[in-house]
Amino acid sequence: MKIAVLGGTFDPIHLGHLAVAEEARRLLALSKVIFMPAGRPYFKDRAAISPAEDRIKMLGLAIAGQPIYLISRLEVERPGPSYAVDSMAQIKKQLNPADDLFFIMGWDNLMNLHLWYEADRLIKLCRVVAAPRPGFPQPSIQSLEHELPGISERAIIMERPLIDISATLIREKVANGLTIDALVPPAVAKYIQQKGLYKPSIQH
Ligand code: ATP
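Given the structure is predicted, the values throughout are model-derived calculations rather than measurements. (Residues numbered from 1 in each chain as written. Predicted model: local features only at pLDDT ≥ 70, side-chain atom pairs only at ≥ 80, totals over all residues. Heavy atoms only, no water.)

So, the overall build of the protein chain
Part 1: Along its length, the protein chain carries 10 helices and six strands.
Part 2: Against the compact-globule benchmark of 17 Å for 204 residues, the protein chain has a radius of gyration of 17 Å, which places it among compact chains.
Part 3: Within the protein chain, the proportion of its 204 residues that are buried is 46%.
Part 4: Taking contacts inside the protein chain between residues at least 6 apart in sequence as the whole, the part at least 24 apart equals 75%.
Part 5: Carbon and sulfur atoms provide 54% of the accessible area of the protein chain, an area that totals close to 10,600 Å².
Part 6: Here the protein chain holds 24 positive side-chain charges and 21 negative ones, and the gap between their average locations is 6 Å. (Helix = DSSP H or I, 4+ residues; strand = E, 2+ residues; numbered from the N terminus. Rg over C-alpha atoms; globule rule 2.2 N^0.38 Å. Buried < 20%, exposed > 50% of the residue type's maximum accessible area, 1.4 Å probe, protein only. Contact = heavy atoms within 4.5 Å. Areas by Shrake-Rupley, 256 points an atom, 1.4 Å probe, with all protein chains shown as cover. Lys, Arg positive; Asp, Glu negative; His and termini not counted. Charge placed at Lys NZ, Arg CZ, Asp CG, Glu CD.)

Written out as structure tokens, the structure reads:
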């Protein structure tokens with residue numbers, strides 16, 4: 001089986017994530033795509049990340065009725081920082097040795113992969129699939145190889161989809177009272193509204 005993990009904060013999940021997952025599934029003939037929300041990402045210094053339970057509920061609403069999509073609670077249940085390498089090692093242990101494991105990310109993250117904790121071990125555990133992200137240049141395999149030897153054999157650079165959506169944009173729109181209907185699945189927009197997520201905090 002070919003299985004891919006899409007790691008992220010998912011605060012909230014949006015149509016960019018879903019399009020990337022779907023394109024990777026199509027391109028690589030994946031059997032499963034596992035969305036893996038981070039507990040407390042060590043590289044994001046944004047003060048308030050929504051509670052894991054809200055982020056997981058939104059993921060569940062976004063992928064409902066699509067059995068090839070799964071959610072892993074591994075990182076939200078692990079205390080301390082979330083390192084992709086530890087999660088992927090744990091997932092790999094549960095797979096058949098013949099299974100193929102992939103880690104999906106945007107071009108923005110591939111460019112910084114060499115800075116990730118034990119990136120060299122990560123790319124031995126799984127291949128990396130990188131989707132384009134508007135505003136970020138296509139990473140050059142030569143310079144990536146220079147920073148992270150071995151990556152040229154392990155990276156698959158996707159050329160589509162090109163979706164200009166980020167969770168930051170969504171949080172900003174909600175905070176400014178603007179609609180996010182074109183950016184997230186309807187059930188996710190409804191959840192955000194019902195729970196009052198991303199509203200600016202009241203200043204005293
Ligand atoms: P934020 O704006 O809060 O930083 P984000 O939109 O980048 O969030 P994450 O949950 O951090 O979302 O992203 C998870 C993964 O999905 C990352 O590897 C990121 O590069 C990738 N990704 C997110 N949005 C897109 C997009 N529109 N196109 C391609 N890749 C994306």
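Description of the nonpolar core
Part 1: Ranked by size, the top nonpolar core spans 34 residues in total, and within it Ile13, Phe35, Met58, Ile104, Ile180 and Ile192 carry the most contacts.
Part 2: Contributing elements (two or more residues each) for this core: strand E1 (2-8), helix H1 (15-28), strand E2 (32-37), helix H2 (52-63), strand E4 (100-106), strand E5 (127-131), helix H9 (167-175) and helix H10 (186-195).
Part 3: When residues in this core are grouped by element, the largest group, five residues, is from H1.
Part 4: Once residues within four sequence positions are removed from consideration, Ile13 is found in contact with Leu18, Phe35, Met58, Leu59, Ala62, Val184 and Val188. (Core = buried A, V, L, I, M, F, W, Y, C linked by side-chain atoms within 4.5 Å.)

Some words on the packing of aromatic side chains
Part 1: Applying the stated criterion to the full structure yields four aromatic pairs.
Part 2: Ring geometry for Phe103 against Trp116: centres 5.9 Å apart, planes inclined by 90°, an arrangement best described as edge-to-face. Here Trp116 lies in the loop between helix H5 (107-110) and helix H6 (119-125) and Phe103 lies in strand E4, a separation of 13 residues in the sequence.
Part 3: Among the residues examined, Phe103 registers a relative accessible area of 4% and is labelled buried.
Part 4: We classify Trp116 as buried; its relative accessible area is 17%.
Part 5: Among the aromatic side chains, those forming a connected cluster through ring pairs are Phe10, Phe35 and Tyr69. (Phe/Tyr/Trp six-rings, centres within 6.5 Å; stacked < 30°, edge-to-face > 60°.)

Section: the layout of surface pockets
Space left empty within the atom packing is revealed by a probe, the size of a water molecule, rolled over the atoms.
Part 1: By volume, the largest pocket is sized at about 890 Å³.
Part 2: Mapped by element, the contributors of at least two residues to the lining of the largest pocket are E1, H1, helix H4 (84-93), E4, H5 and H9.
Part 3: Here the lining of the largest pocket gets four residues from one element, more than from any other, and that element is E4.
Part 4: Taken together, the residues that form the lining of the largest pocket break down as 24 nonpolar, 11 polar and eight charged.
Part 5: Estimated volume of the second largest pocket: approximately 180 Å³.
Part 6: Around the second largest pocket, the lining residues are Val174, Gly177, Leu178, Thr179, Ile180, Asp181, Ala189, Ile192, Gln193, Gly196, Leu197 and Lys199.
Part 7: If one sorts the elements of the lining of the second largest pocket by residue count, H10 sits on top with three residues.
Part 8: Taken together, the residues of the lining of the second largest pocket sort by class into six nonpolar, four polar and two charged. (1 Å grid on protein atoms, 1.4 Å probe; cavity = no way out; pocket = protein on both sides within 12 Å on 5 of 7 lines; lining within 4 Å. Points joined across faces, edges and corners; volume = space filled by probe spheres on them. Nonpolar A, V, L, I, M, F, W, Y, C, P; charged D, E, K, R; others polar.)

Quick word on the environment of Ala182
Part 1: The topology assignment puts Ala182 in the loop between H9 and H10.
Part 2: Relative accessible area serves as the criterion here: at 63%, Ala182 is assigned to the exposed category.
Part 3: Once the C-alpha coordinates of Ala182 and His14 are considered, the two residues, 168 residues apart in sequence, prove to be 9.5 Å apart.
Part 4: With near-sequence residues (within four places) excluded, Ala182 lies in contact with Leu15 and Ile165.

Brief notes about the pairing of E2
Remark: a regular strand shows side chains that alternate across the two faces of the sheet.
Part 1: Burial within E2 is extensive, with five of its six residues counted as buried.
Part 2: Remark: the E1/H1/E2 crossover connection has right-handed handedness.
Part 3: In the sheet, E2 pairs with strand E3 (residues 69-71) via three bridges, with the strands oriented parallel. Bridge pairing links Phe35 to Ile71 in E3. (Right-handed = clockwise from strand over helix to strand, strands pointing away. Pairing = 2+ DSSP bridges.)

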